[in-house]
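Survey of secondary and tertiary structure
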Amino acid sequence: MDSIESGEEDYHIFKQDDLFSDALPIMKEIRRQGKLCDVKLNVEDQTFSAHRIVLAATIPYFYAMFTHDMTESRIREITMKEIEPQALESLINFAYSGVVKITNQNVQGLMIGSCFLQLTQVRDACASFLITKFNPHNVLGISQFAETLGCVDLVNQAQKYIHHYFSKVAQSDEFMNLKFEFLIELIARDELNVPTEENIFEACLNWIKYDQENRESLLPQVLAKVRLPLLSPQYLADRVAPEELIRQSHQCRDLIDEAKDYHLMPERRALIQSFRVRPRCCDFVIGQIYAVGGLTKTGESVSTVEIYDPVTKTWRMGEAMSMLRSRVGVAVLGGKLYAFGGFNGTERLATVEVYDPKTMKWTQGKTMRCKRSAVGVAALDDYIYVCGGYDGITSLSTVECYSPKTDTWQTVAPMMKYRSAGGMAALGGQIYAVGGHDGLSIFDSVERYDPIGNTWTKVKNMLNRRCRLGVACLNGKLYAAGGYDGNSFLKSVECYDPSTDTWTSVCPMNVKRSRVALAANMGKLWAIGGYDGESNLSTVEVYDASTDSWSFVAPMVCHGGGVGAGVIPNQ
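Residues numbered from 1 in each chain as written. Predicted model: local features only at pLDDT ≥ 70, side-chain atom pairs only at ≥ 80, totals over all residues. Heavy atoms only, no water.

1. Observations regarding helix α17 (residues 250-264)
Residues separated by three or four positions in an α-helix point in the same direction, a consequence of the helix having 3.6 residues per turn. For α17, which comprises 15 residues, the first-to-last C-alpha distance of 21 Å matches the rise-based estimate of 21 Å (1.5 Å per residue) to within 8%. Every buried residue of α17 is accounted for by Cys 252, Leu 255, Ile 256, Ala 259 and Tyr 262. An end-on view of α17 places all buried positions within 115° of arc, on one side of the element. Turned more than 90 degrees away from the buried face of α17, the exposed residues are His 250, Asp 254 and Leu 264. Where α17 is buried, its residues contact α14 (219-223), α15 (233-240) and α16 (244-247). Of the residues flanking the start of α17, the one acting as N-cap is Ser 249, its side-chain oxygen 3.4 Å from the backbone nitrogen of Gln 251. (Helix = DSSP H or I, 4+ residues; strand = E, 2+ residues; numbered from the N terminus. Expected span 1.5 Å × (residues − 1). Buried < 20%, exposed > 50% of the residue type's maximum accessible area, 1.4 Å probe, protein only. Arc of directions from axis to C-beta. Contact = heavy atoms within 4.5 Å. Polar contact = N/O pair within 3.5 Å; in protein donor to acceptor, adjacent residues only side chain to side chain.)

Encoded structure:
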């Protein structure tokens, strides 16, 4: 040692990384043997021994209890009433091991216990477990349970499930046993995803009749939350008005009269300031995104179909169409995907193909009356509207309406402008036609179609001229993304709020995208493919409105851009 030179102090730090991970099992074994324990926790008729220092170090509730001047910090036995014995035992074991087993049988008790003991990570793990167990028969109960605990994320996820699967949830025993105030709050929501308002009416009537003796007097208040003006005149006359419970109530009959007036005097609809005439909207679809037709990277039309699963975040190949189709119009209705018209590399098409995910096959649909490529398509209620496009000679203003129920086409009122390469979307019970061109000029104009009055009206112009843009709806607003303005290929995005008739700019995409397909899925917007002025794109990016940001996800495998896109909801 004398040979070591003196001078500045030398030192070495030794760190044993596994010290604490090795220590906890030893503490657990010491506790199992009943040694060195300095506190007992009594719950009902059970007692659990433990070490104060371990509980205080791992459980916030006990840290506050044992390190502050509370009576419990000095006594050896503590009685607890707010937690089940089995849950407390599991959470004490968790304090010594960092491991807890969550099952269908113990998740409720564990979640209550972890909330009480302020173990937020265990609480969140219980919430994640419950989310995987959602079904139409338990989600209402889980939602109400989460609300009592103030577990906001679980409440939000449960509400999204209820909104999306309302028709199935309304058939459950939990729905039939809902308290009046919960039912009223639920059926008033805009976000309920139902094919028609008929589903809401039938659900409410079933709830009344489930306990008619006690609930019959509540019918006027319940019916006041149903958007009766949105029911068809035939349904109002044939199903609602003859219902005996409704006929017996003056208040209910007044609501029926309001709905009838809405249909009889369409010129007065704008004067009605009531939520009952506001269509419901549910944007949180959870489904598979289909990229249909489009182009190769060298610009050739294809029949290829790719399918993106947003849960696994991967693309896979789907069943190809029978025809090559670029600039194709795509819509989803009744769980089926429709491909309208397009360009096969030689001519514009009037043919239609229909994909059924149950059989995983395409079949030929009813041919349109007019050839159309660069066409706008939107589904609304029981119909699909095919608007404008290019027939090989000129841009079109004509609009065709297809009914899958009757397999028939009819011509409806034409648009105010000839529009090809425009965007179409359904919002608030109406169809919006956005941008596009007429062969000479590129538009910033927007018009809106009212299917009840069979009329088009002009709304506020976009901030930018755009053709070959992507259009989709999210959170009750209309988004226009990318496109071409005659000079530049665009990555800018703007948003239309129908309540204020205004457009505002939002975060631009990361990449310029003309011929981009825009789809709403899982509460976000998906911009798929396109053309950046130099090459066709296979890349995909996603917009999150809550953060106003775009991020890339997995690119398409085979497509080079110019696809049509539709989302088929998961069953």
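That covers the picture; the talk isn't over yet.
2. Describing the packing of aromatic side chains
A full pass over the atoms with the stated rule returns 23 aromatic pairs. Taking the centre distance of 4.7 Å and the plane angle of 40° together, the rings of Tyr 61 and Phe 116 count as tilted. Note that Tyr 61 is positioned in helix α3 (residues 60-67) and Phe 116 in helix α5 (residues 107-116), a separation of 55 residues in sequence. Assessed through its relative accessible area of 23%, Phe 116 is described here as partly exposed. (Phe/Tyr/Trp six-rings, centres within 6.5 Å; stacked < 30°, edge-to-face > 60°.)

3. Some points on the sheet that holds strand β9 (residues 352-356)
Strands sit in the order β7-β8-β9-β10 across an open sheet of 4 strands; the sheet is antiparallel. Every interior strand has two partners, whereas the edge strands, β7 (329-333) and β10 (361-364), have only one. Mean inter-strand twist for the sheet, computed between neighbouring axes without regard to direction, equals 25°. Across 4 bridges, strand β8 (residues 336-340) lies against β9 in antiparallel orientation. In the sheet register, Phe 340 faces β9, and the bridge partner there is Val 352. (Pairing = 2+ DSSP bridges. Axes fitted to C-alpha atoms, helices over the stretch in contact; angles between N-to-C directions.)

4. Thoughts on the nonpolar core
In terms of nonpolar packing, the biggest core is built from 82 residues, with Leu 55, Phe 62, Met 80, Leu 117 and Phe 175 touching the most fellow members. In this structure Leu 117 touches Ile 59, Pro 60, Tyr 61, Phe 62, Met 80, Ile 83, Leu 88 and Leu 91, once residues within four positions along its chain are discounted. (Core = buried A, V, L, I, M, F, W, Y, C linked by side-chain atoms within 4.5 Å.)

5. Concerning the sheet that holds strand β23 (residues 517-521)
On the basis of which strands lie adjacent, the open sheet formed by 4 strands has the order β23-β24-β25-β26 and antiparallel pairing. Looking along the sheet, the strands with just one partner apiece sit at the ends: β23 and β26 (549-553). Across the sheet, the axes of successive neighbouring strands diverge by a mean angle of 30°, strand direction being ignored.

6. Comments concerning the side chain of Glu 400
Here Glu 400 lies in strand β13 (residues 399-403). Accessibility expressed as a relative area gives 2% for Glu 400, which makes it buried. Within polar-contact distance, the side chain of Glu 400 engages the backbone nitrogen of Arg 369 at 2.8 Å. Engagement of the side chain of Glu 400 in a polar contact is seen with the backbone nitrogen of Cys 370, the distance being 3.2 Å.

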